[in-house]
Amino acid sequence: MAVPKYTDFYNAFLESLADGQIHAYNDCKDFVKEAMQLSEEDMSVITASGYALWVNRLGWCTTYLKKAGLITSPKRSFFQITESGNILLKEGVTITNKL
């Protein structure tokens, strides 16, 4: 299996915040890793700059979710779902860059 694109992480990342509380990035990352069933092979792919590719893509996921107003970052490396994000998650919408 190839490492998922950053857009593929959107729903899983929102699910990690579904309780409405503020969560540390590392907790969300662990949740997403399990929810996406990433293999050891997927997690071992490294970018040219030396970072795990899936973590890099998860970072882009958070960037675009924030820009869309679906999550907030009350402080560095902590996230919380917004009302808009919660509505989309509850409706079961598959989030893409076109929403």
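In case you missed it, the structure is sitting above this.
The structure presented is a predicted model; accordingly, all values stated were derived computationally and were not measured.

By the burial criterion, the buried members of helix α5 (residues 83-91) are Gly 85, Asn 86, Leu 88 and Leu 89. All buried residues of α5 lie within an arc of 165° about the axis, which places them on one face of the element. Exposed and oriented more than 90 degrees from the buried face of α5 are Glu 83, Lys 90 and Glu 91. On its buried face, α5 sits against α1 (10-16) and β3 (78-81).

Its place among the elements puts Thr 82 in the loop between β3 and α5. Given the relative accessible area of 16%, Thr 82 is considered buried. Ignoring sequence-local partners within four residues, the contact set of Thr 82 consists of Gly 69, Leu 70, Ile 71 and Thr 72.

Regular strands have side chains that alternate between both faces of the sheet. Here β3 shows a clear split, with Phe 79 and Ile 81 buried on one side and none of Phe 78 and Gln 80 buried on the other. Pairing of strand β1 (residues 23-24) with β3, which is carried by two bridges, proceeds in the antiparallel orientation. Bridge assignment links Ala 24 to a residue of β3, and that residue is Phe 78. In this sheet, β3 lies alongside strand β2 (residues 71-75) in antiparallel orientation, the contact comprising three bridges. Residue pairing for β3: Lys 75 is matched across the bridge by Phe 78. Between β2 and β3, which pair antiparallel in sequence order, lie two residues; one of them, Ser 77, sits at a positive phi of approximately 65°.

Basis of the calculations
Residues numbered from 1 in each chain as written. Predicted model: local features only at pLDDT ≥ 70, side-chain atom pairs only at ≥ 80, totals over all residues. Heavy atoms only, no water. Buried < 20%, exposed > 50% of the residue type's maximum accessible area, 1.4 Å probe, protein only. Helix = DSSP H or I, 4+ residues; strand = E, 2+ residues; numbered from the N terminus. Arc of directions from axis to C-beta. Contact = heavy atoms within 4.5 Å. Pairing = 2+ DSSP bridges.

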